[in-house]
Amino acid sequence: MQPPFDRSDPLITAFPVELAGDAEAVLAVMPASRLRPAASFSVVVEGQQVTIPGRLYNDEPPPDAMASLSSRQRQLLHCLYSRHCDGMVRQRHLAKVVDSTDPWVVPFVVQLIGEYVLEILVDICDGLRDLAAPGARGHVAYGQFIVDNPAFFDRTQRRVVSYWSCYYRSAYSSFRGYPGSTLLDLLRSAASDRAGHPWPDLAPSAGARVDGYR
């Protein structure tokens, strides 16, 4: 008899329970790390609470180990490594899943929107091409995720503003020209369509002070 899945494992809990078997297969090929995943956050995915690591410290698996996984298992692996402590590793693995509309992928992408690497924001803008099209799978998937996780998205909006103000104000004098702002507009539009009412815009108006914004 197969042993039960360890739902206390912080990497297995990053996905809905029906993916636990695939997540275990992914963990089996991941090199061990001396550091446990850190700064986890919880969101709801298709009615289930999942807990996703804020940062992951495992080295990447060798190519032959990745090749042994199914396509779904590789997808989960890319999701997990989009939480890696190295921004270049995050960007590389994001590229493999950013165009997916599977609901368990969505929170990994939204979390990256609320972080500080500009190149990743640009990649997400390029990857979410159908986010602006009402009825498209991405528009529906991201809109539903935000409706199910309003506090998480509120925090994401505030983080986008804070990182622009701290790191990118010299390159983008107006927040509205910043790639993170573009993504927030698209996400709010998707959420508004899904919720049936306008979604709150927490971005600053032109000329507003944003010092200490969180």
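Peer 1: So what's going on with the packing of aromatic side chains? Residues and values would help.
Peer 2: This structure, assessed with the given rule, holds ten aromatic pairs. Ring centres 5.7 Å apart and planes at 25 degrees place the aromatic pair Tyr168 and Tyr178 in the stacked group. Of this pair, Tyr168 sits in helix 8 (residues 150–168) while Tyr178 sits in the loop between helix 8 and helix 9 (179–195), placing them ten residues apart in sequence. Classification of Tyr168 by relative accessible area gives buried; the value is 15%. For Tyr178, a relative accessible area of 0% puts it in the buried group. An aromatic cluster is built from Tyr116, Tyr163, Trp164, Tyr167, Tyr168, Tyr172, Phe175 and Tyr178, whose rings are joined through pairwise contacts.

Peer 1: I'd like a description of the pairing of strand 2 (residues 48–52), backed by residues and values.
Peer 2: In the case of a regular strand, side chains alternate between the two sheet surfaces. Where strand 1 (residues 41–45) lies against strand 2, five bridges are found, and the strand directions are antiparallel. Among the inter-strand pairings, Phe41 is bridged to a residue of strand 2, identified as Ile52.

Peer 1: Pulling in residues and values, what's your account of the packing of helix 5 (residues 106–113) against helix 7 (residues 137–148)?
Peer 2: In a packed pair of helices, the relevant descriptors are the angle between the two axes and the axis-to-axis distance. Across the interface, helix 5 lies against helix 7 with an axial gap of 10 Å and an inter-helix angle of 75 degrees. By the angle between their directions, the pair helix 5 and helix 7 is classed as roughly perpendicular. Where helix 5 approaches helix 7, its residues Val106, Pro107, Val109 and Val110 are matched on the opposing element by Ala141, Tyr142 and Phe145. When grouped by side-chain class, the residues that make up the contact of helix 5 with helix 7 number seven nonpolar, no polar and no charged.

Peer 1: Give me the lowdown on the pattern of salt bridges, citing residues and values where you can.
Peer 2: Tallied over the entire structure, the rule returns nine salt bridges. A salt bridge links Arg92 to Glu60, with the nearest nitrogen and oxygen atoms 2.7 Å apart. Residue Arg92 is located in helix 4 (residues 87–97), and its partner Glu60 is located in the loop between strand 2 and helix 2 (63–67); the two are separated by 32 residues in the primary sequence. For Glu60, a relative accessible area of 31% translates into the label partly exposed. Of the charged contacts in the structure, one is a salt bridge between Arg188 and Asp185, with a shortest N-O distance of 2.5 Å.

Peer 1: Summarise the environment of Asp193; cite the residues concerned and give the values.
Peer 2: Along the chain, Asp193 falls in helix 9. Asp193 sits 125 residues away from Ser68 along the chain, and the two C-alpha atoms are 40 Å apart. Sequence-distant contacts of Asp193, that is, excluding residues within four places in its chain, are made with Pro134 and His139.

Peer 1: Got a sec to walk through the packing of helix 1 (residues 20–29) against helix 3 (residues 71–81)? Specific residues and values, please.
Peer 2: Direction vectors running N to C along helix 1 and helix 3 enclose 65 degrees, while the axes themselves pass 9 Å from each other. The angle between helix 1 and helix 3 falls in the class roughly perpendicular. As helix 1 packs across helix 3, the resulting crossing turns out to be right-handed. From helix 1, Asp22, Ala23, Ala25, Val26, Leu27 and Val29 reach across to helix 3, where they touch Arg72, Gln73, Leu76, Leu77 and Leu80. Of the residues in the contact of helix 1 with helix 3, the class split is eight nonpolar, one polar and two charged.

Peer 1: Hey, could you go over helix 7 for me, with residue numbers and the actual values?
Peer 2: Look at helix 7: 16 Å from first C-alpha to last across twelve residues, which is about the 16 Å you get at 1.5 Å a residue. For helix 7, every residue scored as buried is listed here: Gly138, His139, Ala141, Tyr142, Gly143, Phe145 and Ile146. Tucked inside the fold, the buried residues of helix 7 contact strand 1, helix 5, helix 8 and helix 9.

Peer 1: Kindly report on helix 8, identifying the contributing residues and their values.
Peer 2: Between its terminal C-alpha atoms helix 8 stretches 26 Å, which fits the 27 Å expected from 19 residues at 1.5 Å a residue. Considering only its buried residues, helix 8 is in contact with strand 1, helix 5, helix 6 (118–127), helix 7 and helix 9.

What counts, and where the lines are drawn
Each chain has its residues counted from 1, following the order in which its sequence is written. In keeping with the predicted nature of the model, local features appear solely for residues at pLDDT of at least 70, side-chain atom pairs appear and are counted solely at 80 or more, and the whole-chain, interface and lining totals rest on all residues. Heavy atoms throughout the structure, all of them, feed into the side-chain values; hydrogens and water do not. Stacked, tilted and edge-to-face are the three classes applied to pairs of Phe, Tyr and Trp rings, where Trp contributes its six-membered ring and a pair requires centres within 6.5 Å; stacked means planes under 30 degrees apart, edge-to-face means over 60, and tilted covers the rest. In this text, helices come from DSSP runs of H or I with a minimum length of four residues, and strands from runs of E with a minimum of two, each type numbered from the N-terminal end. With a 1.4 Å probe rolled over the protein chains alone, any residue whose accessible area is under 20% of its type maximum counts as buried; one over 50% counts as exposed, and the rest are partly exposed. Pairing between strands is defined by DSSP: at least two bridges between the two strands are required. Only the stretch in contact is used when a helix axis is fitted, and all axes are lines through C-alpha atoms; the angle between N-to-C directions ranges over 0 to 180 degrees. When describing relative orientation, an angle under 35 degrees is termed roughly parallel and one over 145 degrees roughly antiparallel, while 65 to 115 degrees is termed roughly perpendicular and anything else oblique. Any pair of residues with heavy atoms lying within 4.5 Å of one another is described as a contacting pair. Ten residue types, Ala, Val, Leu, Ile, Met, Phe, Trp, Tyr, Cys and Pro, are classed as nonpolar, four, Asp, Glu, Lys and Arg, as charged, and the remainder, Gly among them, as polar. One side-chain nitrogen of Lys or Arg within 4 Å of one carboxyl oxygen of Asp or Glu is enough to make a salt bridge. For a crossing to be left-handed, the near helix must be turned anticlockwise from the far one by less than a right angle; the clockwise case is right-handed. Take the number of residues in a helix, subtract one, and multiply by 1.5 Å to get its expected span.

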